[in-house]
Amino acid sequence: MLKINKDISWIGVLDPELVTFDIVMETKYGTTYNSYFIDAGKKAVIDTVKETFWPEYKEKLLSLVNPQDLEYIICNHTEPDHSGSLKHLLELAPHATVVGSGQALTYLGEMVGKPFKSQRVKHGDLIDLGTKTLRIIGAPNLHWPDSIYTYAEEDGLLFTCDSFGAHFADEKMMDDLVENYNEAFDYYFDVILKPYSKFMLKAIEKIKELPIQMICPGHGPILRSTWKEKVERSAQIASGYLEETLNHNRVLVAYISAYGYTKQMAVQVATGLKKCGVEVDLVDMETMFLGDLEELVVKADGILIGSPTINQNTLLPVYKLFSVINPIRDKGKPAAAFGSFGWSGEAVKLIEDHLRNLKLNVVLEGQTARFYPNREESQKLIQMGEKFAESLKEKA
Ligand SMILES: Cc1cc2nc3c(=O)[nH]c(=O)nc-3n(C[C@H](O)[C@H](O)[C@H](O)COP(=O)(O)O)c2cc1C
Ligand SMILES: [Fe+2]
Ligand SMILES: [Fe+2]
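Residues numbered from 1 in each chain as written. Chains lettered and ligands numbered in written order. Predicted model: local features only at pLDDT ≥ 70, side-chain atom pairs only at ≥ 80, totals over all residues. Heavy atoms only, no water.

A.B. asks: Just to check I follow, could you spell out the site of ligand 1 for this structure?
C.D. replies: Close to ligand 1 lie 18 residues; Ser-257, Ala-258, Thr-262, Thr-309 and Ser-340 are nearest. Residue Thr-262 places a side-chain N or O atom 2.5 Å away from an oxygen atom belonging to ligand 1. When isolated, ligand 1 has an accessible area of 640 Å², and the protein chains bury 86% of it. Going through the elements one at a time, helix H8 (261-275) and strand E20 (334-341) are the ones with two or more residues in the shell around ligand 1. Among the residues forming the shell around ligand 1, the class breakdown is 8 nonpolar, 10 polar and no charged. (Near = heavy atom within 4 Å. Polar contact = N/O pair within 3.5 Å; in protein donor to acceptor, adjacent residues only side chain to side chain. Areas by Shrake-Rupley, 256 points an atom, 1.4 Å probe, with all protein chains shown as cover. Helix = DSSP H or I, 4+ residues; strand = E, 2+ residues; numbered from the N terminus. Nonpolar A, V, L, I, M, F, W, Y, C, P; charged D, E, K, R; others polar.)

In structure tokens form, the structure reads like this:
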């Protein structure tokens, strides 16, 4: 428990040993799950903590309030690192009203599995706590469709859950008491929020006019001295990312090749693209790190994948590439496949199906070559590059 001001306390928990978060993220500095208690005429809790920390969380809460007296539980975001303890809390606080966006209440209905009192809120709604007022700020898709921010008007505290947070565990908990954690902040933004940059900028626009004293995020230090800096940094990374992804002229040609035939095909496709002035990232995926591959996918305005057929399938590096395609971020990007084969040639069709399932737009029929691409096939591959370049222009 840590008092933030006269009436508001941090009742979160530290998870310093965590090594990966959401499977996709390395957490060198552990993390914290932040929850807050507001002692007003009507008492409220903002977010909870991951379920495994319920016993510790419960103790902190009980030291401050009899849960029977809780009037509101605000859920800014329902990912289980913040909502996992809600079902336990509701056992102790059966009269509390759970407040969240429409999406949040739908998800919580599933997660809690029992009826509970709820109030659906949207941007601009006010919650009257008697001696205090909470204002709801609509901040969807940061990084789930359910997300909102909550602003405690009289205190000037803005509760933002994952936004402006970081995986950084330090019991001192205040941005001006912990050591510099800018690296962890940037890394968190890159992995969790960057794909939603458009939404980040919209949310920042909405909080611009608020007289903020502190930002209280859902992970890592509370921002009482550096909140402006962190908001500016978030806006800067988000704008940079959007600019980078808006040039409509960069294509990833990623291939894998056992004997070099598919590689030759890739070179020809790249030749066609370059003839049309397209900037090409031509890469052999075999030895690439996943993070580097993802960076290229993010930058790419279109994606071409080359793979031979091996045992009626494509190969692991291609599936790795699929794992870093994010349909929310990459939806609609033009895509196509090509590859060498010996007798049955399933790979190209398999890749096309995956690309469609991942919401990419397969704009050209896949090109294949039985073993070595002959002169005619080579011409077709160059044309494939040219036609692909055309489809980029159409998209732009
Ligand atoms: C272990 C192995 C399994 C293969 N399985 C298939 C297959 O199921 N169907 C097919 O059409 N070709 C198959 N092939 C043939 C390759 O697709 C063919 O040699 C192709 O030209 C390799 O292209 P690359 O040089 O780009 O790797 C196989 C080749 C190997 C080495
Ligand atoms: Fe989250
Ligand atoms: Fe989170």
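A.B. asks: Sorry, what's going on with the sheet that holds strand E11 (residues 118-120) here?
C.D. replies: Picture the strands of a sheet paired through backbone hydrogen bonds; they go either parallel or antiparallel. Read across the sheet, 7 strands follow the order E1-E2-E7-E8-E9-E10-E11 without closing on themselves; strand pairing throughout is mixed. Looking at which strands have only one partner, the edges of the open sheet turn out to be strand E1 (2-3) and E11. Across 3 bridges, strand E9 (residues 70-74) lies against strand E10 (residues 97-100) in parallel orientation. Of the residues in E10, the one forming a bridge with Ile-74 is Val-99. Here helix H4 (residues 102-112) sits on the sheet and contacts E10 and E11; the angle it forms with E10, its principal contact strand, is near 130°. (Pairing = 2+ DSSP bridges. Contact = heavy atoms within 4.5 Å. Axes fitted to C-alpha atoms, helices over the stretch in contact; angles between N-to-C directions.)

No statement about biological role is implied by the geometric values presented.
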